[in-house]
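Understanding the architecture of this molecule
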Amino acid sequence: MQRSPFSQLLPGLLAVALLLPGCYSRDDLKSDAGNTKAAETIEAAAGKAPAASPEAEPSATTAATGPLKQVNVFLEVSGSMEGFMPKTGADAQNTRFQQHVAQFLSDVNRSASVQRKTFYRIKDKPYRDSYQQLETTVREGIREPASSTSIPAILDTLVSHYYQPNAVSVLISDFIYAPRNAGAVPYIKTDITDALNAAGRSDLAVSVYGHTSDFKGAFYPAMKTAAKRINRCCDTDIPYYVWVIGPADAVRRFDAALLKKAPGEQAHFGVKYSAPPSSLLNKFQNQGAWYYGEKDASKRAAGATYHTVAVSEVSAQQPVEFVLGMNLQALPTLYQDLGHLKANLQLTGQDTDAKIVNVFGATDQTRASSGPEAQYTHFVKIRVTKMGKAARPLQVILQDKRPMWITQWTTKNDSNINQVGAKTFALSSLIDGVAAVTTDEQNQAPIFQVPLTLQPAD
Amino acid sequence: MQSFFRFLYELIGTPQPPADTPVYRQIVFPNIGLLNLGISLALVLIFYYVINKAMGVATFNKLRHWTLFLVLNALIAFIVVVWQAKAQQVTDHSYIYWLATLNAVYGLLFYFLFSVILRKGSTNASTTPF
C-alpha cells in the first residue's frame, strides 16, 4: 500500500505537538492560581449559603474588629492636679495639659470606634460627669479639688468595678504616689501590683502614655522632706500620664483607634499584637548568592511572602546580605520608632554569624517602588558570612524591653521639683508594679517575632 | 525533567543574579530546553522529510543547505532565550546572553543528532551531511 507523505510525517509532527505544550509559562501558572481561587470561593459560598444568612456574617467579624463596647475616662481632680488646670485668669493663658486633654476628651467623645463613652472625675471615688462637665473642668479649672487620692486605690477601683470585656478605662493623672512614710517607699511596686491584681484579671493590659505640661499652681511633692507644698510652681514642666487599662485586646484596639498619633512617650504592658506582615526582599539592597528557598518561589504570585533564604555561596569575602521588609503599621508608634527597634530588635540563629546590620524605615523611594518593598514600612538588613550545613531557623525578634524614657522620667526625690525637672517620683517602681501583673517574668513573650529559615541552596 | 535541564544549563555556572535562580530553574530552563528540542526536531523533519521527500525538491540536499538550516536553528535557539527572559521578567544581566549562546550551541548539537538519526528516511538527502 502506498502511504501518503503526510502520514509518514505524522509521528514527527505529533512529537512536536507533544513537546510544545509542555512548556511552562507564567500565564499558565497565573491562570491556574486564578482558577483554583475562583473554585474555592464558589465552594466556600456554596458551603456557607445554607448555614448563615447574609446579615449574620458581618456581626461575627465586628466582635474582633468593630467598635469597642465602652470606654470610661477618669480624670483625677485632686489638689495636685490644679496646676495643670489653673482657673482661667485675665491673661487667659492655658497649659499644654489643658489643650491636650481637652482635645483628647473631644476625640474620645466623637470617636466612632467606641460605642459608649462615660466620663468621671476622681476625688475619693469616681463621680460620674457628662462630657461637657468634664471638658469644662479641664478648660476652666478644678472647682473643688479633692484632698488627695491614692493611686493604688484608684487602680483597684478601676480593675474591680470598671473592667469588662471589650471595654477600657482611661485614667488621666500625674501619678504622684506618696506612700504614707519613707519606710513604705520600697513597697510602691508591691502596692501597685496588689491593686491591679485585686480582681485577678488574667488578660489585664496597661498602656502608659507620658506627657509633660507647664504647671501653674501648688505642687505637692511625694517626698515632703523640704516642704509639704511648693507654691507658685513650677519653672519646670511636670509630667502627667494617660493610662489605658483593660483586657489586652480592648487596650490594643483603643490604642490603635485613638492614641495612634499620641504625642509624647509610651509604653505597653500585657498588650498582645499579631505578627506583622513581612517578607524577604530578593531585589532590594540584596547582596551575594542567595535566593528564595520556597518551593513555589518561581511562581512569583502577587502578594506572596517569602521567609526562606537559600544560600549558594557564602564566605567572609562574599557575604550574603538580605533585607526583611515588615509592615508595622498596626503596632503602636513605640514599636515603629527606629531608635527603639535598633536597640531591641534581635536576631537568633544557630550555626551562623548572621546579624542585623541596619534597621531603616520606608522612604519616598521605597513607597513609590513598583517592587514588593512598597508594601513595607520598616526594613531589617541582615548579613551572613557563615552558616550551617543544613536548614536552620533564624528569628527576628522584637523583645519586650521597657523604653528608656521611664528611667529618665523617674526621680527618687521630688521635694525640689524645679531642680529635678520634668520627672515623677518613683515612676519606674509604679511601672515595675504594672509589669509584674501583666508579664510572666519567667517567660517573657516578645512583641513579635518573624521566623526565617537559612538553608544552603540545593 | 527540571533537573536534567538544570544540569544542562548550569554547566556555565549558576543563574545570575542569584535572586532569579528559582525562576530560571523552574521555568526558563525547561522552557528553552523543550523549545530547543522541539524546534531542532521540526527543522530536521522539514529538511529531510518535507523538502527532500514529500515535496521532492532535488536541489536542496547539499551540505550548504543542511548548514543553512543548522545555523537557522542556532539563531532561533538564541532568540528563544532572549524572548523567554523578557517574558519571564527576569532581571537584565549579561548572563541572559551567555545562556542564549549556550542554548545556540545545544541547538547545533540537537540538530546534528536528529539529523544523524533521521536522515536515513529521507529520499533525496539520506547522505547529507555525510
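Residues numbered from 1 in each chain as written. Chains lettered and ligands numbered in written order. Predicted model: local features only at pLDDT ≥ 70, side-chain atom pairs only at ≥ 80, totals over all residues. Heavy atoms only, no water.

With that settled, the discussion passes to the layout of surface pockets. Space inside the largest pocket adds up to approximately 580 Å³. Elements with a minimum of two residues in the lining of the largest pocket: helix H2 (26-48) and strand S10 (278-281) of chain A together with helix H2 (21-54) of chain B. Top contributing element to the lining of the largest pocket by residue count: S10 of chain A, with three residues. Of the volumes computed, that of the second largest pocket is approximately 490 Å³. Every residue lining the second largest pocket is counted, 24 residues in all, and those nearest its centre are Ser-148, Ile-176, Ala-178, Pro-221 and Lys-224 of chain A. Looking at the lining of the second largest pocket residue by residue, the classes come out as 11 nonpolar, eight polar and five charged. (1 Å grid on protein atoms, 1.4 Å probe; cavity = no way out; pocket = protein on both sides within 12 Å on 5 of 7 lines; lining within 4 Å. Points joined across faces, edges and corners; volume = space filled by probe spheres on them. Helix = DSSP H or I, 4+ residues; strand = E, 2+ residues; numbered from the N terminus. Nonpolar A, V, L, I, M, F, W, Y, C, P; charged D, E, K, R; others polar.)

Now for the confidence of the model for chain B. On average, residues of chain B score 88 in pLDDT, and 100% of them are at 70 or above. Element-level mean pLDDT values for chain B span from 87 in helix H1 (residues 2-9) of chain B up to 92 in helix H4 (residues 95-118) of chain B. (pLDDT = per-residue confidence, 0-100.)

What follows deals with the pairing of strand S13 (residues 320-326) of chain A. All names here are of chain A. Buried residues dominate S13, accounting for seven of its seven residues. By the alternation rule, side chains of S13 split into Val-320, Phe-322, Leu-324 and Met-326 and Glu-321, Val-323 and Gly-325, which are all buried. Where S10 and S13 come together, four bridges link them in antiparallel fashion. When the sheet's bridge partners are listed, Leu-280 is paired in S13 with Leu-324. Relative to strand S16 (residues 378-384), S13 runs antiparallel, the two being bridged by seven bridges. Bridged to Met-326 within S16 is His-378. (Buried < 20%, exposed > 50% of the residue type's maximum accessible area, 1.4 Å probe, protein only. Pairing = 2+ DSSP bridges.)

A few words now on the sheet that holds strand S12 (residues 308-313) of chain A. Residues and elements named next belong to chain A. An order of S11-S12-S20-S17-S14 is seen for the five strands of this open sheet, with the pairing classed as mixed. On the outer flanks of this sheet lie strand S11 (289-292) and strand S14 (345-349), each paired with one strand and no other. In this sheet, neighbouring strand axes are inclined to one another by 25° on average, regardless of whether the strands run parallel or antiparallel. (Axes fitted to C-alpha atoms, helices over the stretch in contact; angles between N-to-C directions.)

Let us look at the sheet that holds strand S5 (residues 204-213) of chain A. Residue and element names in this part refer to chain A. Taken together, the seven strands give an open sheet; going across it, the order is S3-S2-S1-S4-S8-S5-S9, and neighbouring strands pair in mixed fashion. The open sheet has two free edges, formed respectively by strand S3 (126-129) and strand S9 (265-269), since each of these has just one partner strand. When the angles between neighbouring strand axes are averaged without regard to direction, this sheet yields 20°. Note that S5 and S9 share five bridges and pair antiparallel. Along S9, the bridge assignment pairs Tyr-209 with Gln-266. Lying on the sheet, helix H8 (residues 248-258) is in contact with strand S1 (68-76), strand S2 (114-122), strand S4 (167-173), S5, strand S8 (238-247) and S9; it crosses S8 at an angle near 130°. (Contact = heavy atoms within 4.5 Å.)

The next thing to look at is the UniProt feature "transmembrane region" (unreviewed entry) in chain B. Residue and element names in this part refer to chain B. Those residues carrying the UniProt feature "transmembrane region" (unreviewed entry) are residues 27-51, 63-83 and 95-118 in this numbering. In residues 27-51, the share of helix is 100% and the share of strand is 0%. The end C-alpha atoms are 34 Å apart. Taken end to end, residues 63-83 comprises 100% helix and 0% strand; its first and last C-alpha atoms sit 30 Å apart. (UniProt positions renumbered as here; feature names shortened; annotations may be inferred.)

Turning our attention to the pattern of salt bridges. Residue and element names in this part refer to chain A. Counted according to the given criterion, the structure contains 15 salt bridges over all chains. A salt bridge links Arg-252 to Asp-249; the shortest N-O distance between them is 2.7 Å. With a gap of three residues between them, Arg-252 and Asp-249 both fall in helix H8, about one helical turn apart. The salt bridge partner of Asp-249 is Arg-253, with a shortest N-O separation of 3.1 Å. Residue Asp-249 and its partner Arg-253 are both found in helix H8; the two are separated by four residues, about one turn of the helix. Judged by relative accessible area, Asp-249 falls into the partly exposed class, the value being 36%. A residue is classified by how much of its surface remains accessible, and Arg-253, at 10% relative accessible area, is buried. Each member of the salt-bridge network shares a partner with another, and the members are Asp-249, Arg-252 and Arg-253. (Salt bridge = Lys/Arg side-chain N within 4 Å of Asp/Glu carboxyl O.)

A few words on the side chain of Thr-193 of chain A. All names here are of chain A. Note that Thr-193 resides in helix H7 (residues 188-197). Side-chain polar atoms of Thr-193 contact the backbone oxygen of Lys-189, separated by 2.9 Å. Excluding residues that lie within four positions of it along the chain, Thr-193 makes contacts with Gly-433, Ala-436 and Val-437. (Polar contact = N/O pair within 3.5 Å; in protein donor to acceptor, adjacent residues only side chain to side chain.)

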